[in-house]
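Secondary and tertiary structure notes
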Amino acid sequence: MKNLFSNVYQDKKVFVTGHTGFKGSWLTLWLKALGANVIGYSLPPPTEPSLYKTARLNEGITHIEGDVRDESSLLKAMQTHQPDMVFHLAAQPLVRHSYQDPVETYATNVMGTVHLLEAIRKTPGVRICVNITSDKCYENREWDYAYRENDPMGGYDPYSSSKGAAELVASAYRRSFFNPENHEQHKMSLVSVRAGNVIGGGDWAQDRLIPDVIRSLSQKKPIEIRSPDAVRPWQHVLDPLSGYLWLGACLWQNPKDHDYGWNFGPLASNAMPVREIVGESIALWGKGEWRQGAARTHEAKTLKLDSTKAATLLKWSPVYDIKESLIATVSWYRGYYHENNFDPLIFSLSQLEDYVQSAKKQNKIWVKVQ
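To keep things clear, this report deals only with the structure shown in the data block.

Reading the values: the criteria
- Residues numbered from 1 in each chain as written.
- Predicted model: local features only at pLDDT ≥ 70, side-chain atom pairs only at ≥ 80, totals over all residues.
- Heavy atoms only, no water.
- Helix = DSSP H or I, 4+ residues; strand = E, 2+ residues; numbered from the N terminus.
- Rg over C-alpha atoms; globule rule 2.2 N^0.38 Å.
- Buried < 20%, exposed > 50% of the residue type's maximum accessible area, 1.4 Å probe, protein only.
- Contact = heavy atoms within 4.5 Å.
- Areas by Shrake-Rupley, 256 points an atom, 1.4 Å probe, with all protein chains shown as cover.
- Lys, Arg positive; Asp, Glu negative; His and termini not counted.
- Charge placed at Lys NZ, Arg CZ, Asp CG, Glu CD.
- Axes fitted to C-alpha atoms, helices over the stretch in contact; angles between N-to-C directions.
- Parallel < 35°, antiparallel > 145°, perpendicular 65-115°, else oblique.
- Left-handed = near helix turned anticlockwise from the far one by under 90°.
- Nonpolar A, V, L, I, M, F, W, Y, C, P; charged D, E, K, R; others polar.
- Expected span 1.5 Å × (residues − 1).
- Salt bridge = Lys/Arg side-chain N within 4 Å of Asp/Glu carboxyl O.
- Pairing = 2+ DSSP bridges.
- Right-handed = clockwise from strand over helix to strand, strands pointing away.

With that settled, consider the overall build of the chain. Looking only at helices and strands, the chain has 13 helices and twelve strands in total. Relative to a compact globule of 370 residues, whose C-alpha radius of gyration would be 21 Å, the chain shows 19 Å and is just as compact. Classification of the 370 residues of the chain by burial places 58% in the buried group. The long-range share in the chain, meaning contacts at least 24 apart out of those at least 6 apart in sequence, stands at 81%. With an accessible surface of roughly 15,300 Å², the chain has 49% of that area assigned to carbon and sulfur atoms. The distance from the centre of the 42 positive side-chain charges to the centre of the 40 negative ones in the chain is 2 Å.

At a closest axis distance of 9 Å, the pairing of helix H3 (residues 71-81) and helix H5 (residues 102-121) adopts a crossing angle of 40°. Relative to H5, the element H3 is oriented oblique. Seen along the crossing, H3 lies across H5 with a hand that is right-handed. Across the interface between the two elements, Glu71, Leu74, Leu75 and Met78 of H3 pack against His115, Leu116, Glu118, Ala119 and Ile120 of H5. Classifying every residue of the contact of H3 with H5 by side-chain character gives six nonpolar, one polar and two charged.

Here we come to helix H1 (residues 22-33). The end-to-end C-alpha distance of H1, which contains twelve residues, comes to 17 Å, matching closely the 16 Å that a straight helix rising 1.5 Å per residue would cover. With eleven of twelve residues buried, H1 is to be regarded as a mostly interior element. All of the buried residues in H1 are Phe22, Lys23, Gly24, Ser25, Trp26, Leu27, Thr28, Leu29, Trp30, Leu31 and Ala33. Immediately beyond the C-terminal end of H1, within one or two residues, lies glycine 35, with a positive phi of roughly 90°.

The next thing to look at is helix H12 (residues 322-338). Taking 1.5 Å of rise per residue, the 17 residues of H12 would be expected to cover 24 Å, and the 24 Å separating its terminal C-alpha atoms lies within 8% of that figure. All of the buried residues in H12 are Ile322, Ser325, Leu326, Ala328, Thr329, Val330, Trp332, Tyr333 and Gly335.

Before going further, it helps to examine the pattern of salt bridges. In the structure shown here, the tally under the stated rule is 13 salt bridges. The salt bridge involving arginine 121 is made with glutamate 118; its shortest N-O contact spans 3.0 Å. Pair noted here: arginine 121 and glutamate 118 are both in helix H5, with a separation of three residues, about one helical turn. Overall, glutamate 118 belongs to the buried group, its relative accessible area being 13%. Note that lysine 122 and glutamate 118 form a salt bridge whose closest N and O atoms lie 3.9 Å from each other. On the basis of relative accessibility, which here comes to 41%, the residue lysine 122 falls in the partly exposed class. When salt bridges that share partners are traced, they join Arg96, Asp207 and Arg226 into one network.

What follows deals with the sheet that holds strand S6 (residues 189-194). Read from one edge to the other, the open sheet built from seven strands follows the order S3-S2-S1-S4-S5-S6-S10, with strand pairing classed as parallel. Looking at the sheet topology across the chains shown, the edges are occupied by strand S3 (62-65) and strand S10 (261-263). For this sheet the average axis-to-axis angle between neighbouring strands, irrespective of direction, equals 20°. Pairing of strand S2 (residues 37-42) with S3, which is carried by four bridges, proceeds in the parallel orientation. Bridge pairing in S3 places tyrosine 41 opposite isoleucine 64. Each of strand S4 (85-88), strand S5 (128-132), S6 and S10 is contacted by helix H9 (residues 238-253), which is oriented at about 160° to S6, the strand it contacts most.

All right, on to the environment of glycine 154 then. Tracing the backbone shows glycine 154 in the loop between S5 and helix H6 (158-176). For the pair glycine 154 and alanine 165, spaced eleven residues apart in sequence, the C-alpha separation works out to 7.7 Å. Once residues within four sequence positions are removed from consideration, glycine 154 is found in contact with Lys136, Cys137, Tyr138, Glu139, Ser160, Ser161 and Gly164.

Turning to the sheet that holds strand S9 (residues 231-236), a few remarks are in order. Within the open sheet, the three strands sit side by side as S7-S9-S11. Their pairing is mixed. Every interior strand has two partners, whereas the edge strands, strand S7 (197-199) and strand S11 (271-273), have only one. Within the sheet, the average angular offset between the axes of one strand and its neighbour, ignoring direction, is 50°. Sheet topology places S9 next to S11; three bridges connect them, and they run antiparallel. Residue arginine 232 lies in a different strand from S11, and its bridge partner there is methionine 272. Contacts between H12 and the sheet are confined to S7, S9 and S11, with S9 contributing the most and set at about 65° to the helix.

Within strand S1 (residues 13-17), four of the five residues are buried, leaving the element largely enclosed by the surrounding structure. As judged from the five bridges shared by S1 and S2, these two strands associate in the parallel manner. Note that in S2 the partner of phenylalanine 15 across the bridge is isoleucine 39. Running through H1, the crossover from S1 to the neighbouring parallel element S2 is right-handed. Taken together, the four bridges between S1 and S4 define a ladder with parallel strand orientation. When the sheet's bridge partners are listed, valine 14 is paired in S4 with methionine 85.

Put into structure tokens, the structure is as follows:
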């Protein structure tokens, strides 16, 4: 495992914001397996249960309970631990919650990004920052066209617009303070990455499709679906994480050779309507039913990502198709709810190993020793 990504992460100090969240927990798991020294900075896990707690991810890392809205606390943590690399995942990640508390959403997603980049500016040892945003950062025109990195930022709802604004903040910092033309002076590389609708075991967030589906199935209740015809770019959590980690490794080796924004989306065939994802999940679970619920807020009908840039310049592509993504996801929850001896850490590590083996069979570039 430690030879992946050109063995770049072995013994590196990697600062991860939002490491207690779903996506941050999977990244923490993988970084630990790669031999990195993880410094996590985050609020407590956002749900109960959580992957972070059930998989005992606090063991073997430096855990700092902190809020990215607290500029002084974040700066102190950064300067105390002097990381080599930063992965910024801390966010208010839910569209519907952004309607309920837009101030928190903007404070976390926009000013939290400002605070992080300021902390990096004042910590000269940091070499790389990978800023994780969302496919929803793009101005969604509700067309079938898949969005590319040079499409305009935007957002209808507070969450989406906060992610678009965070992208603009990071772009301004890159050009103003971390410009590649002056890399010899500041020695820092800043990139921004976007993924699709990420699924996988251990997500219990409210108002996300798969966690909502699993909650209903585990309680033997009908699943209520607000927008059954909405099309989203579904992908297993390990697919975008492999892209983030590979981009970080490429930057470590060639810090000036990689442009700013990157899409790490799924295969085009993974863009499917909600109703089909729910139907497949029910089939994999074994039984269940769904019905249409009332739509309470605006939701985009169609959203797709174009990852041609990553495929062309980084030689990166997804490992899992939608069927493999759903099998891995539902099997994780089936084990959690139905197997007495289920260990989330051991099972998650086995899924990570299965994913790596699939990548090797597909001859993915990041599994080779460079």
